Amino acid sequence: MTDSIMSKAATMEIPINSNGDTGTLAEDDSLEQAANLQWSLDEKVGSSRGTRDLQQVMVSGPNLNETSIVSGGYGGTAEGIIPTSSIKGSNMHHSSSSSSMTAEETTRGVAVEKIETVKKWGLNTYKCTKQMISERFGRGSRTVDLELEAQIEVLRDTKRKYENVLRLARALTNHFYNMVQTQHALGDTFADLSQKSPELRDEFGYNAETQKLLCKNGETLLGAVNFFVSSINTLVNKTMEDTLMTIKMYENARLEFDAYRSDLEELSLGPRDAVAMARIDAAQQQYQVHKDKYERLRSDVTIKLKFLEENKVKVMHKQLLLFHNAISAYFAGNQQQLEQTLKQFNIKLRPPGADKPSWLEEQ
């Protein structure tokens, strides 16, 4: 349609006036109409095409990867076009750099904290070593609780003596176990000889029965002695040792307390300028912290020593009575009293071969 209108406009006749000259056509109506028609058609075609492009954009959505930002006016050169992909990449780079900076700051914070911990430990060790050397050479003073120190010394002496009792009781158990095993073997030998020696059948038979009875009573006594050894071992190596560990913590706290007390006393004798006063305040705070720790542990030691003494008396009263009754009944040959002693203290004997696992457990 557009081509036909243009051809019509091109072949339109130009009127000539009467003298043969062309007239001055300022505004030809036909040409003006053709031009206006052409302009209106182009406008309609362009608007319909723009509408289709807008619908396509609305359906498919904008492609941000292909979107460009134009710098400058319309029709500018390509130098002013900035792809959005480069902006996206820069944002990703910025976020990754921020995360790496955060990780570095965290690592640096952990390292600084460790350095501060080592610094405090080193300073505390130096002060305690200095105080220890001063006390050893008699140039420094130490805090002493005479009553508590005496109780601690009694506990250490008691522990040494109980360890000796435990060692001797274990030796008695081992020797007595070997004797019982020997009696068991001797009784089997006598029983075998009584079957093979008709002329001495009765004599061998009496001795075999006696050894078997002694072996049975010996195993009963071994049960009582093993229970005695186990109870003494618990008292010495667990109950007393736990109290001695608390005492060790108390002694370390006492040394730290005296070290910071001496440090505060030295600073108090020095100048009183602003820097010195700040150091005195810090030393006062450390002194108070270690004083509270020292007093708390001293109280803990006092309470544990009291409970330990009560527990020791109760345990040893029961175990010494058991040991006496079992030994007396065994060497008196009173099997009934020996068994009654084990029942009195709720001791159950293991059957022979109970220590050996079954063939199912060995699989």
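Residues numbered from 1 in each chain as written. Predicted model: local features only at pLDDT ≥ 70, side-chain atom pairs only at ≥ 80, totals over all residues. Heavy atoms only, no water.

Engineer: Would you mind going over the overall build of the protein in detail, with residue names and values included?
Structural biologist: Each helix and strand counted, the protein has eight helices and two strands in total. Written out in order from the N terminus, the α and β elements of the protein read α-α-β-β-α-α-α-α-α-α. Going through the 363 residues of the protein one by one, you find that 25% of them count as buried. Counting contacts in the protein only where the partners sit at least 6 residues apart, residues at least 24 apart contribute 75% of the total. Counting only carbon and sulfur atoms, one obtains 57% of the accessible surface of the protein, whose full area is about 26400 Å². (Helix = DSSP H or I, 4+ residues; strand = E, 2+ residues; numbered from the N terminus. Buried < 20%, exposed > 50% of the residue type's maximum accessible area, 1.4 Å probe, protein only. Contact = heavy atoms within 4.5 Å. Areas by Shrake-Rupley, 256 points an atom, 1.4 Å probe, with all protein chains shown as cover.)

Engineer: How would you explain unusual backbone geometry if you had to name every residue and give the values?
Structural biologist: You will see that Asn-346, though not glycine, has its phi angle at about 55 degrees, which is positive. Mapped onto the fold, Asn-346 is located in the loop between helix 7 (335-344) and helix 8 (359-362).

Engineer: Tell me what's going on with the packing of helix 5 (residues 201-268) against helix 6 (residues 274-331), and back it up with residues and numbers.
Structural biologist: Orientation of helix 5 relative to helix 6, taken along the N-to-C sense of each, is 165 degrees, at an axis distance of 8 Å. One finds that helix 5 runs roughly antiparallel with respect to helix 6. In this structure, the crossing between helix 5 and helix 6 has a hand that is left-handed. (Axes fitted to C-alpha atoms, helices over the stretch in contact; angles between N-to-C directions. Parallel < 35°, antiparallel > 145°, perpendicular 65-115°, else oblique. Left-handed = near helix turned anticlockwise from the far one by under 90°.)

Engineer: Which residues make up helix 7, and what values do they have?
Structural biologist: Because an α-helix completes one turn every 3.6 residues, residues spaced three or four positions apart along the sequence face the same direction. By the burial criterion, the buried members of helix 7 are Leu-338, Thr-341 and Leu-342. Angular distribution of buried residues about the axis of helix 7 spans 95 degrees; they occupy a single face of the element. Of the residues in helix 7, the exposed ones pointing more than 90 degrees away from the buried face are Gln-336 and Lys-343. Buried positions along helix 7 lie against helix 5 and helix 6. The N-cap of helix 7, judged by a side-chain oxygen 3.4 Å from the amide nitrogen of Gln-336 a few residues on, is Asn-334. (Arc of directions from axis to C-beta. Polar contact = N/O pair within 3.5 Å; in protein donor to acceptor, adjacent residues only side chain to side chain.)

Engineer: Requested: an account of the environment of Asn-252, with residues and values cited.
Structural biologist: As for its placement among the helices and strands, Asn-252 is situated in helix 5. Along the backbone, Asn-252 and Leu-297 are 45 residues apart, and their C-alpha atoms lie at a distance of 9.9 Å.

Engineer: Provide a residue-level description of the confidence of the model for the protein, including the pertinent values.
Structural biologist: Predicted confidence across the protein gives a mean pLDDT of 76, with 69% of residues reaching 70 or more. Confidence, expressed as mean pLDDT per element, reaches its minimum in the protein at helix 8 with 41 and its maximum at helix 4 (residues 146-196) with 94. A low-confidence stretch, residues 43-88 stays under pLDDT 50, and its non-local contacts, those more than four residues away or across chains, total 15 contacts. Segment residues 356-363: pLDDT under 50, and two contacts once partners within four positions in sequence are set aside and those in other chains are kept. (pLDDT = per-residue confidence, 0-100.)

Engineer: Any chance you could break down the nonpolar core for me, citing the residues and the numbers?
Structural biologist: Counting residues in each nonpolar core, the largest one holds 43 residues, and the members touching the most others are Ile-152, Leu-155, Ile-247, Tyr-250, Val-301 and Leu-305. Put simply, the parts of the chain that give this core at least two residues each are helix 4, helix 5, helix 6 and helix 7. If we skip the residues at most four places from it in the chain, Leu-305 touches Leu-148, Gln-151, Ile-152, Leu-155, Thr-243 and Ile-247. (Core = buried A, V, L, I, M, F, W, Y, C linked by side-chain atoms within 4.5 Å.)

Engineer: Could you give an account of the packing of helix 4 against helix 6, naming the residues involved and the relevant values?
Structural biologist: Orientation of helix 4 relative to helix 6, taken along the N-to-C sense of each, is 25 degrees, at an axis distance of 12 Å. By the angle between their axes, helix 4 is roughly parallel relative to helix 6. Both helix 4 and helix 6 take part in a crossing whose hand is left-handed. Where helix 4 abuts helix 6, its residues Leu-148, Gln-151, Ile-152, Leu-155, Thr-158, Tyr-162, Leu-172, Phe-176, Met-179 and Gln-183 lie against Arg-298, Val-301, Thr-302, Leu-305, Leu-308, Lys-312, Met-316, Phe-323 and Tyr-330. Tallied by class, residues from the contact of helix 4 with helix 6 come to 13 nonpolar, four polar and two charged. (Nonpolar A, V, L, I, M, F, W, Y, C, P; charged D, E, K, R; others polar.)

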